[in-house]
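Breakdown of the fold
Spelled out, the chains give:
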Amino acid sequence: ARGPWQECFEAAVQLALRAGQIIRKALSEEKHVSTKTSAADLVTETDHLVEDLIISELQKRFPSHRFIAEEAAAAGAKCVLTPSPTWIVDPIDGTCNFVHRFPTVAVSIGFAVNQELEFGVIYHCTEERLYTGRRGQGAFCNGQQLRVSRETDLSKALVLTEIGPKRDPATLKLFLSNMERLLHAKAHGVRVIGSSTLALCHLASGAADAYYQFGLHCWDLAAATVIIREAGGIVMDTSGGPLDLMSCRVVAAGTREMATLIARALQTINYGRDDEK
Ligand code: IPD
């Protein structure tokens, strides 16, 4: 009744809730932590466990579908978005928070067909908030419809960002100088909460006016993009052009004016592409 991908959407919701339960329980327990691309890019046994659960259940139910998932990519799987139905999964977004028991962690499941995002499901594991967005059908959090902020003035904006995994001096300098530029433009504040997907959900909820980041991945962005667009917001490339899911960079805002102002203020930090790794 609710479109051709109803069964997939329901499976995503079920699995996000199941995964969330596992993550919530594991948050307070001892963890085995390893590093990936840098000393600040972390992974635990729970990331693997949850990813394996989500992917194996989806594979059983939808054997012809394709998958892009964070820990599989870290193990060398290619990130390519073909026209086939494709699931884009981040088992724990905010792994560093998870490691430190900082209670801002999420499961993110996006779904694309013909290279177009159809729906996104993001579950805030500790606050038990389920964010969903379906193309043409609106965005919701625990049943309540989401609307973005209509702010167009950067000097009245609360802006969210994330640091990204690279910590070499040149990258850090650019990161800090981007933040400085927004503060010079008199943004009310800049926040870093440690989870790209949940920051993007705050934007979708109208709890912040803009988001930007260099160094995030397609699995941080896919589900949240549908949720923001369905809440009336804009998701674009940091160049001001159309969003490229594989480009490891994004600007999002409630209004196109705000997104454009942020994009113009930023200097590029080069993180390469997800589909060229
Ligand atoms: C990361 C977090 C972090 C952001 C990174 C993401 P992960 O996701 O969202 O805040 O800075 O860009 O990759 O590794 O915890 O799934």
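Please read these numbers as outputs of a predicted model, since none were measured by experiment. (Residues numbered from 1 in each chain as written. Predicted model: local features only at pLDDT ≥ 70, side-chain atom pairs only at ≥ 80, totals over all residues. Heavy atoms only, no water.)

On to the environment of threonine 268, then. Tracing the chain through its elements places threonine 268 in the segment after helix H8 (256-265). In this structure threonine 268 comes out as partly exposed when scored by relative accessible area, which is 48%. Put simply, threonine 268 and arginine 129 are 139 residues apart on the chain and 33 Å apart in space, counted from C-alpha to C-alpha. When residues no more than four places from it in sequence are discounted, the contact partners of threonine 268 are Leu174, Phe214 and Arg249. (Helix = DSSP H or I, 4+ residues; strand = E, 2+ residues; numbered from the N terminus. Buried < 20%, exposed > 50% of the residue type's maximum accessible area, 1.4 Å probe, protein only. Contact = heavy atoms within 4.5 Å.)

It is worth spelling out the packing of aromatic side chains at this point. Applying the stated criterion across every chain yields a total of 6 aromatic pairs. With centroids separated by 5.8 Å and ring planes inclined at 70°, the aromatic side chains of tryptophan 87 and phenylalanine 119 adopt a geometry described as edge-to-face. Note that tryptophan 87 is positioned in strand E4 (residues 86-93) and phenylalanine 119 in strand E6 (residues 116-124), a separation of 32 residues in sequence. Like tryptophan 87, the residue phenylalanine 119 is buried in the burial classification. Taken together, Trp5, Phe9, Phe62, Trp87, Phe111 and Phe119 form an aromatic cluster joined through their ring pairs. For the cation-ring pair, lysine 166 lies above tyrosine 271, with the distance from its terminal atom to the ring centre recorded as 4.7 Å. (Phe/Tyr/Trp six-rings, centres within 6.5 Å; stacked < 30°, edge-to-face > 60°. Lys NZ or Arg CZ within 6 Å of the ring centre and 35° of its normal.)

Surveying the vicinity of the ligand reveals 16 residues, the closest of which are Asp93, Gly94, Thr95, Glu162 and Gln213. Between aspartate 90 and the ligand, the recorded distance is 2.9 Å, taken from a side-chain N or O atom to an oxygen atom. Contacts to the ligand include glycine 194, whose backbone N or O atom sits 3.1 Å from an oxygen atom. Considered on its own, the ligand offers 380 Å² of accessible surface; in the complex 88% of this is hidden by protein. Here the shell around the ligand is built from residues that sort into 2 nonpolar, 9 polar and 5 charged. Each of domain 1 (6-145) and domain 2 (154-276) accounts for three or more of the residues forming the shell around the ligand. (Near = heavy atom within 4 Å. Polar contact = N/O pair within 3.5 Å; in protein donor to acceptor, adjacent residues only side chain to side chain. Areas by Shrake-Rupley, 256 points an atom, 1.4 Å probe, with all protein chains shown as cover. Nonpolar A, V, L, I, M, F, W, Y, C, P; charged D, E, K, R; others polar. Domains from an automatic or database assignment.)

For the rest of this paragraph, the subject is the side chain of asparagine 178. Mapping asparagine 178 onto the fold places it in helix H5 (residues 169-184). Those residues in contact with asparagine 178 that lie beyond four places of it in its chain are Tyr212, Phe214, Ala265, Leu266, Gln267 and Ile269.

In this section: the environment of cysteine 201. Note that cysteine 201 resides in helix H6 (residues 196-205). What makes cysteine 201 buried here is its relative accessible area of 1%. C-alpha separation for the pair cysteine 201 and isoleucine 228, spaced 27 residues apart in sequence, amounts to 7.3 Å. What cysteine 201 contacts, discounting residues up to four positions off in sequence, is Ile122 and Tyr131.

Below, the discussion takes up the domain arrangement of the protein chain. Looking at the protein chain, the domain boundaries give domain 1 (6-145) and domain 2 (154-276). Spacing between the C-alpha centres of domain 1 and domain 2 amounts to 20 Å. The contact between domain 1 and domain 2 buries some 2300 Å² in all, and 71% of this surface belongs to carbon and sulfur atoms. Taken together, the connections running from domain 1 to domain 2 amount to 0 salt bridges. Taken together, the connections running from domain 1 to domain 2 amount to 9 residue pairs in polar contact (both at pLDDT 80 or more). Listed by contribution, the elements that provide at least two residues to the side of domain 1 that touches domain 2 are strand E3 (66-69), helix H3 (70-74), E4, strand E5 (106-113), E6, strand E7 (129-134) and strand E8 (138-141). Taken together, the residues that form the side of domain 1 that touches domain 2 break down as 18 nonpolar, 14 polar and 8 charged. (Buried area = accessible area lost by both parts, 1.4 Å probe. Salt bridge = Lys/Arg side-chain N within 4 Å of Asp/Glu carboxyl O.)

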